[in-house]
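Observations on chain architecture
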Amino acid sequence: MTEILITTASEEPGARNLKIEVPVERVEAAQTKAARYYAKKVKLPGFRKGKVPLGVIRKKFRDAIRETVVRELIGESWKAAIEKDDFQPIAEPRVSDLKFEDGNPMTFEFAVAVKPEMNLERLGGFELTRKVPRVTDETIDAQLEELRRQRAPWVPVESGNPKDGELASVTITQLEDAESEDGQQYQLLLGQGQALPDIENKLKTMETGQSVETTVTFPEDFSDESKRGQTRQVRIELHEIKRQDLPDLDDSFAGEIGDYDSIDALKVAIREDMEAEAGREADAALRSRLLEEIVEANSVEAPRPMVHRVLSAFAKAYEVPDDQVEKFTSEFTPVAEAQVKRDLIINHVAETNKLKATEEDVDDRIAEIAKKRKAEPGQVYASLQKANRLNEIEQSITEEKVFAHLLEQSTINEETD
């Protein structure tokens, strides 16, 4: 049977457009095959099942047969394109400009995202500093205060004006030409920028049960640019003030937080956790800086199609509305470019140095996780598999190997902020 004709229409780093022409002979064969399938499956009045003439079938199920043929021939063409051309696709192709007319070849185009060639001549010889944020008594005390606030109930304040850190229950009504009857209720935590500054300042002069009318101005840095500098006449009603009843920092509080027999034991645990987190932050910053050096030293570029794929994934994950996609793309393009460059370097180093995570590596990591959770490795594996997180574990191990390999080739200085 005549082969499918595949030609390269255009090519750029990270992308290739292929023109596909499926000969009439193959199209007809695919149509006949699909018609025979339907002939065996369907029963029409006046015909025994499996005995309906193909001409009748092709006329009766024309659209379904065409859909089947298109799907099948696109699959065959994609397989043939991969076998014919020397490229590594990183995703399924996008099909465009499909032409399918009786008696003519079927033609269309594949837009293919491909793995670009990498030539990293310099991967080491850099001088970098690993800066570890210092964990102080003040930062530990701040964490303890946060834990107190998380555990503290809100209790009503009998008298006085609301202050920063207190919760004000209010109704705010916009007054236009005539007084509006519909107000909006809010729970405002003062001092957190949850309301316009003019509203917060006015609330701090009010008492429970009081209602005032005032003019408020939208600040020049307000998120909605169309409202910046504008004024509104509003009525503010203060219904209730609440403050948190903070628990004492004693051994009893430590026991409520976890398996700690004293407040000192809780402080030790907090310090250990914060120091571990500081180390992780330092490692992440070090890795980021190392990649920046590699990108600059090797003039690594982010292929446009790969950047677009990352942006699309970001927009989908953040549920960006259609009318905001253009603005989102403009703002996040540098982030997407950095992500693409990062992935290209890591994958290239992993492949060329055989650093990809093995099954044994993954099993060992799952065993570590199971030990921390006091669970069976099989249960942890099943849980990760169900959550589609095994690839995440594998990628994490690969990245650890890659960065260990890269950091060995540079000078790393240690510094505590």
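We now turn to the structure provided with this report. (Residues numbered from 1 in each chain as written. Predicted model: local features only at pLDDT ≥ 70, side-chain atom pairs only at ≥ 80, totals over all residues. Heavy atoms only, no water.)

**Considerations on the overall build of the protein**
Helix and strand counts for the protein stand at 12 helices and 11 strands. For 417 residues, the compact-globule estimate of 2.2 N^0.38 gives 22 Å, and the C-alpha radius of gyration of the protein, at 33 Å, exceeds that figure by more than 25%. Dimensions of the protein, computed from C-alpha atoms along their principal axes, come out at roughly 90 × 70 × 45 Å. Burial status across the protein gives 34% buried among its 417 residues. Considering only residue pairs separated by 6 or more positions, the protein has 65% of its internal contacts joining residues 24 or more positions apart. By element, 45% of the accessible surface of the protein is carried by carbon and sulfur atoms, the whole surface being about 26400 Å². Charge separation in the protein, taken as the distance between the mean sites of 59 positive and 85 negative side-chain charges, equals 11 Å. (Helix = DSSP H or I, 4+ residues; strand = E, 2+ residues; numbered from the N terminus. Rg over C-alpha atoms; globule rule 2.2 N^0.38 Å. Buried < 20%, exposed > 50% of the residue type's maximum accessible area, 1.4 Å probe, protein only. Contact = heavy atoms within 4.5 Å. Areas by Shrake-Rupley, 256 points an atom, 1.4 Å probe, with all protein chains shown as cover. Lys, Arg positive; Asp, Glu negative; His and termini not counted. Charge placed at Lys NZ, Arg CZ, Asp CG, Glu CD.)

**Some details on the packing of aromatic side chains**
Summed over the entire model, instances satisfying the criterion amount to 8 aromatic pairs. Taking the centre distance of 6.3 Å and the plane angle of 65 degrees together, the rings of Phe-314 and Phe-332 count as edge-to-face. Here Phe-314, found in helix α8 (residues 304-317), pairs with Phe-332, found in helix α9 (residues 325-352); they are 18 residues apart in sequence, far enough to count as distant. Judged by its relative accessible area of 25%, Phe-332 falls in the partly exposed class. Following the ring pairs from residue to residue traces out a cluster consisting of Phe-314, Tyr-318, Phe-328 and Phe-332. Over the aromatic face of Phe-100 sits the side chain of Arg-66, whose NZ or CZ is 4.0 Å from the ring centroid. (Phe/Tyr/Trp six-rings, centres within 6.5 Å; stacked < 30°, edge-to-face > 60°. Lys NZ or Arg CZ within 6 Å of the ring centre and 35° of its normal.)

**Observations concerning the side chain of Glu-166**
Take Glu-166: it is sitting in the loop between β6 (154-156) and β7 (167-175). At a separation of 2.9 Å, a polar atom in the side chain of Glu-166 contacts the main-chain amide nitrogen of Lys-163. A polar contact is formed between the side chain of Glu-166 and the side chain of Arg-243, at a distance of 2.8 Å. Those residues in contact with Glu-166 that sit more than four places away from it in its chain are Trp-154, Val-157, Asn-161, Leu-188, Leu-189, Leu-190, Ile-241, Lys-242 and Arg-243. (Polar contact = N/O pair within 3.5 Å; in protein donor to acceptor, adjacent residues only side chain to side chain.)

**Comments concerning unusual backbone geometry**
In this structure, Asp-97 is a non-glycine residue whose phi angle is positive, near 55 degrees. Mapped onto the elements of the fold, Asp-97 is located in strand β3 (residues 94-99). Accessibility expressed as a relative area gives 47% for Asp-97, which makes it partly exposed. Phi is positive for Lys-354, close to 50 degrees, though the residue is something other than glycine. Structurally, Lys-354 can be placed in the loop between α9 and α10 (359-373). Judged by relative accessible area, which is 75%, Lys-354 ranks as exposed.

**Looking at the environment of Val-268**
With respect to the helices, strands and loops of the structure, Val-268 is situated in helix α7 (residues 263-298). A residue is classified by how much of its surface remains accessible, and Val-268, at 47% relative accessible area, is partly exposed. Here the alpha-carbon distance between Val-268 and Asp-164, two residues 104 residues apart in the chain, equals 31 Å.

**A look at the pattern of salt bridges**
Following the criterion strictly, the structure yields 28 salt bridges and no others. When the shortest N-O distance is used, the salt bridge between Glu-76 and Arg-26 registers 3.3 Å. Highlighted residues: Glu-76 in helix α3 (residues 62-84) and Arg-26 in helix α1 (residues 24-41), separated in sequence by 50 residues. Classification of Glu-76 as partly exposed rests on a relative accessible area of 29%. In this structure, Arg-365 engages Glu-400 in a salt bridge whose closest nitrogen and oxygen atoms are separated by 2.8 Å. Here Glu-400 lies in helix α12 (residues 390-407) and Arg-365 lies in helix α10, a separation of 35 residues in the sequence. (Salt bridge = Lys/Arg side-chain N within 4 Å of Asp/Glu carboxyl O.)

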